[in-house]
Amino acid sequence: MAERRRRVGIMGGTFDPIHNGHLVAGSEVAQYFDLDEVYYVPTGNPYKKTGVTPAEHRYLMTVVATASNPRFKTSRVDIDRPGPTYTVDTLRDFHRLLPDADLYFITGADAMAQILEWKDAEEMFKIAHFVAVTRPGHDLDLTGLSPEQVSVLQIPALAISSTDCRARVRSGMQVWYLVPDGVVQYIAKNRLYRPDQQRSL
Ligand code: ATP
């Protein structure tokens, strides 16, 4: 009998900070597509100064957030590659590192809107199957895409965004239950997202 191929999910994001919407997305796709593992892949530092939190903080928050799920992992491929992050490069790296795995790239409905304009889009779809998860407040537009390229998965609606989490911390509001407890603690300990923030990394 033919051996079952390893199935690996990849969820790219800025994760500034990682929140429960990201974790529910990975968990739902892992269950529905019977994935062996899901890699969370924080983007590298942006090329120009944009106010994005340094990659090492975003990476460590992702490690903390994914630690309790045996199927979740965190990858440094985008952080360790110099220059801006393009998804096609992420996929090339995973394909090179895991040549025998079927790759599933997980993305929210909002990100799908311009996907055909992403760098080397045709190659991306050759390397991985895309799974678009629903996201409250964002319509899913799949114009120009085929079912071989993209599947849609309806997931429990969590109207959480990193932008909102950052704004809450900045204005002194809590983010409990929007992000994992360890991430709440990491943000507090490192004084992230505060007007007077002192970053040690
Ligand atoms: P920001 O508010 O800073 O733009 P974000 O909350 O959209 O951040 P990202 O790190 O940009 O988070 O998102 C990474 C991926 O997770 C994207 O594909 C995005 O569409 C998806 N995503 C983010 N939040 C949710 C959510 N609440 N439900 C479903 N998918 C989500």
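Before reading further, recall that the structure is shown in the block above.
These remarks concern the structure in this document. From a predicted model like this one, the values you see are computed outputs, not experimental measurements.

The element strand β4 (residues 101-108) is extensively covered by neighbouring structure, given that seven of its eight residues are classed as buried. Across six bridges, the pairing between strand β1 (residues 6-13) and β4 is parallel. Paired with Ile 10 across the two strands is Phe 105, which belongs to β4.

What follows is about the environment of Val 131. Considering the arrangement of structural elements, one finds Val 131 in strand β5 (residues 128-133). By relative accessible area, Val 131 is classed as buried at 0%.

For the rest of this paragraph, the subject is the packing of aromatic side chains. If you walk through the whole model with that rule in mind, you get eight aromatic pairs. Ring geometry for Phe 33 and Tyr 104: centres 5.5 Å apart, planes at 50°, overall tilted. Placement of Phe 33 in the loop between α1 (20-32) and β2 (37-42) and of Tyr 104 in strand β4 is noted, with a sequence separation of 71 residues between them. Take Phe 33: its relative accessible area is 13%, and that puts it in the buried class. Accessibility expressed as a relative area gives 11% for Tyr 104, which makes it buried. On the basis of an interplanar angle of 40° and a centroid distance of 6.3 Å, the ring pair of Trp 176 and Tyr 177 is categorised as tilted. In this structure Tyr 177 comes out as exposed when scored by relative accessible area, which is 67%.

This part is about the sheet that holds strand β3 (residues 72-74). Taken in spatial order, the six strands of this open sheet run β3-β2-β1-β4-β5-β6, and their pairing is parallel. Only two strands of the sheet have a single partner each, and these edge strands are β3 and β6 (150-153). Pairs of neighbouring strands in the sheet enclose a mean axial angle of 30°, with direction left out of account. Here six bridges tie β1 to β2, and the two strands are oriented parallel to one another. Residue pairing across strands places Ile 10 opposite Tyr 39, the latter belonging to β2. Along the sheet, α1 makes contact with β1, β2, β3, β4, β5 and β6, crossing β2 at roughly 150°. Across the sheet, helix α4 (residues 87-97) is in contact with β1, β2, β4 and β5; its angle to β4 comes to roughly 155°.

We now examine the side chain of Glu 37. Take Glu 37: it is sitting in strand β2. The exposure class assigned to Glu 37 is buried, which follows from its relative accessible area of 6%. A distance of 2.7 Å separates the side chain of Glu 37 from the side chain of Lys 73, its partner in a polar contact.

Another point: the site of the ligand. As a matter of local geometry, the ligand sits amid 21 residues, with Gly 108, Asp 110, Leu 158, Ser 162 and Thr 163 nearest to it. Thr 163 places a side-chain nitrogen or oxygen 2.5 Å from an oxygen atom of the ligand. Here the ligand, which alone exposes 610 Å², has 85% of that area covered by the protein. Taken atom by atom, the bulk of the ligand overlaps the largest pocket. Among the secondary structure elements, those contributing two or more residues to the shell around the ligand are β1, α1, β4, α5 (109-112) and α7 (162-170). Residues belonging to the shell around the ligand are distributed by class as follows: six nonpolar, twelve polar and three charged.

Basis of the calculations
- Residues numbered from 1 in each chain as written.
- Predicted model: local features only at pLDDT ≥ 70, side-chain atom pairs only at ≥ 80, totals over all residues.
- Heavy atoms only, no water.
- Buried < 20%, exposed > 50% of the residue type's maximum accessible area, 1.4 Å probe, protein only.
- Helix = DSSP H or I, 4+ residues; strand = E, 2+ residues; numbered from the N terminus.
- Pairing = 2+ DSSP bridges.
- Phe/Tyr/Trp six-rings, centres within 6.5 Å; stacked < 30°, edge-to-face > 60°.
- Axes fitted to C-alpha atoms, helices over the stretch in contact; angles between N-to-C directions.
- Contact = heavy atoms within 4.5 Å.
- Polar contact = N/O pair within 3.5 Å; in protein donor to acceptor, adjacent residues only side chain to side chain.
- Near = heavy atom within 4 Å.
- Areas by Shrake-Rupley, 256 points an atom, 1.4 Å probe, with all protein chains shown as cover.
- 1 Å grid on protein atoms, 1.4 Å probe; cavity = no way out; pocket = protein on both sides within 12 Å on 5 of 7 lines; lining within 4 Å.
- Sits in = over half its atoms within 2 Å of the grid points.
- Nonpolar A, V, L, I, M, F, W, Y, C, P; charged D, E, K, R; others polar.

Purely geometric numbers; function is a separate question.
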